[in-house]
Amino acid sequence: MIENRDQGATTDERDLALECVEAGIAAGHPRRVIRETVSLEGSETPNESRAGDEAAGDTLRVADATYDLGRYDELVVLGGGNAAAHVAAALESILGDRIGGGIVVADDPADTDRVAVLEGDHPVPSERGVESARELLAAADAADERTLVLAAITGGGSALVPAPAGDVSLEDLQSTTGALLESGADIHEINAVRKHCSALKGGQLARRAAPATVVSLLLSDVVGNDPSVIASGPTVPDESTFADAVAVLERYAIDVPDPVADRLERGATGGVPETPTADDPAFETVSTHVVADGMTVLEAARDVAAERGYEPLVLSSRIRGEAREAATTHVAVAEEVLATSTPISPPAVLLSGGETTVTVTGDGTGGPNQEFATSAALDLVDGGSVEGSVTVAAVDTDGIDGATDVAGALVDETTVEDREAARAALRDNDVSPYLAERNGLIRTGPTGTNLNDLRVVVVEGDSSDGD
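(A) Here's a closer look at a negative patch on the surface. A cluster of acidic side chains, namely Asp167, Glu250, Asp255, Asp258, Asp262 and Glu265, defines a negative patch on the protein surface. Ranked by residue count, the leading element in the negative patch is helix H11 (residues 258-268), at 3 residues.

(B) Structural view of the packing of aromatic side chains. Evaluated as defined, the whole model comprises 0 aromatic pairs. It is Arg438 that lies over the ring of Tyr434; its NZ or CZ is 3.6 Å from the centre. Stacked on the ring of Phe372, the Lys or Arg Arg455 has its end atom at 5.5 Å from the ring centre.

(C) Spotlight on the sheet that holds strand S9 (residues 286-292). As summarised here, the arrangement of the 6 strands in space is S6-S5-S4-S7-S8-S9, forming an open sheet in which the pairing is parallel. Two strands in the sheet have a free side with no partner beyond their single neighbour: strand S6 (116-119) and S9. The average angle at which neighbouring strand axes cross in this sheet is 20 degrees, direction not considered. As judged from the 5 bridges shared by strand S4 (residues 74-80) and strand S5 (residues 101-106), these two strands associate in the parallel manner.

(D) A look at unusual backbone geometry. In this chain, His122 is followed by Pro123 through a cis amide linkage whose omega measures 10 degrees. If you trace the backbone, Pro123 turns up in the loop between S6 and helix H5 (127-141). Across the junction of Ala210 and Pro211, the peptide omega takes the value 10 degrees, indicating a cis bond. Examined against the element boundaries, Pro211 turns out to sit in the loop between helix H9 (204-209) and strand S8 (213-219). With a phi angle near 50 degrees, Ala163 is a residue other than glycine that sits in the positive phi range. With respect to the element layout, Ala163 can be found in the loop between helix H6 (157-160) and helix H7 (170-183). Its identity is not glycine, yet Asn439 carries a phi of approximately 55 degrees, on the positive side. Summarising the element assignment, Asn439 is placed in the loop between helix H16 (431-437) and strand S14 (441-442). Judged by its relative accessible area of 40%, Asn439 is partly exposed.

Here is what the cut-offs are and how they apply
Residues numbered from 1 in each chain as written. Predicted model: local features only at pLDDT ≥ 70, side-chain atom pairs only at ≥ 80, totals over all residues. Heavy atoms only, no water. Patch = residues over 30% accessible without salt bridge, like charges linked within 9 Å, V, L, I, M, F, W, Y side chains within 5 Å. Areas by Shrake-Rupley, 256 points an atom, 1.4 Å probe, with all protein chains shown as cover. Salt bridge = Lys/Arg side-chain N within 4 Å of Asp/Glu carboxyl O. Lys, Arg positive; Asp, Glu negative; His and termini not counted. Charge placed at Lys NZ, Arg CZ, Asp CG, Glu CD. Helix = DSSP H or I, 4+ residues; strand = E, 2+ residues; numbered from the N terminus. Phe/Tyr/Trp six-rings, centres within 6.5 Å; stacked < 30°, edge-to-face > 60°. Lys NZ or Arg CZ within 6 Å of the ring centre and 35° of its normal. Pairing = 2+ DSSP bridges. Axes fitted to C-alpha atoms, helices over the stretch in contact; angles between N-to-C directions. Buried < 20%, exposed > 50% of the residue type's maximum accessible area, 1.4 Å probe, protein only.

Any link to function would need more than the numbers given here.
Have a look at this one:
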């Protein structure tokens, strides 16, 4: 999975950190997740579309809920996100020719027979994403009360399926998205703006599919698993408002194109209809299932650490805030482990998930996980003198950290030799070249998984080799 693993695994601690990363990403892959949460039950009939697949049944089970397939004339798969194509492929492997068609929009393709995989772009929306969104909305419009829609919704859907509304153009969305991503706003704030510039987000896909039965399968890439935030909540009620979106722009002093500002201001004064809330009739036939999240990844990484003889500790699946500040806290906990065996004794592996942000002031190349790792490496040489070693890996589980083509970074106390060079890289938001020169980047390519960030901190006592 990690393309440059041999280059990075130069010590036992580095090898363990990368093994934890690989296990976490693999555990969150849609093929594995869907197989564990979706099944067919009831009377058995041959699955003619896929030789060797398990026999089909009359009842679809998703987690603890069941759906009688006999009630529907058609079953389709609709959705979008980085991992949406892999969700569609996994559903096909279970449902076979029960699936009558569908459309998902993704930037990481997968082989499918019955569901069309259309292209979009992430993290900045593109023209092909706009065209794909139009086709997705047309497919939703074609659904009726005898249609069962399986909605494959994963992280990245906000950018991949843009669907600009009203007078807002793609260029307006691109400019607004870029400004939001660089502002330091969190994902809830970013999506409050994006929902109100879209014809699909904030429950509007469900409204277009009504009165069909919509079963949403969500793979969460947001802290707290709020369904209305995952891919900007296209199939769930939206409690954010135009006024909330305006407040975000004011809070972060974000300058957006006039059509965006005009739409949000008109909406805040009642000139544009709000996104649908929980009392909208569209949601009477909608059910929502979060089938995987950041804890899915952390539990797999924890198991690997334990198998290797390390004491694992999950700090939190909800880490957020500035990446470099979060890094300082993680290093401080690792130093405490070495100094006082609190909260656990070394050898240990500290794990965390969530989503940190970067307030961009420079014009360099990087991402939150690369900034986390660079800041951690600097803290390791600037911090207190404790005996032992600390190795830090930080990745975005989709394999794309920020707007770069790397997943994240791997560092230890040997990474930073010139403190000023590290500080300059952070100051200029230009950590990718800095890490590349030190063989610190982790490259996976698109992983098919998108369950937020994974951070692994391997803490090795001075007298232990970790075996």
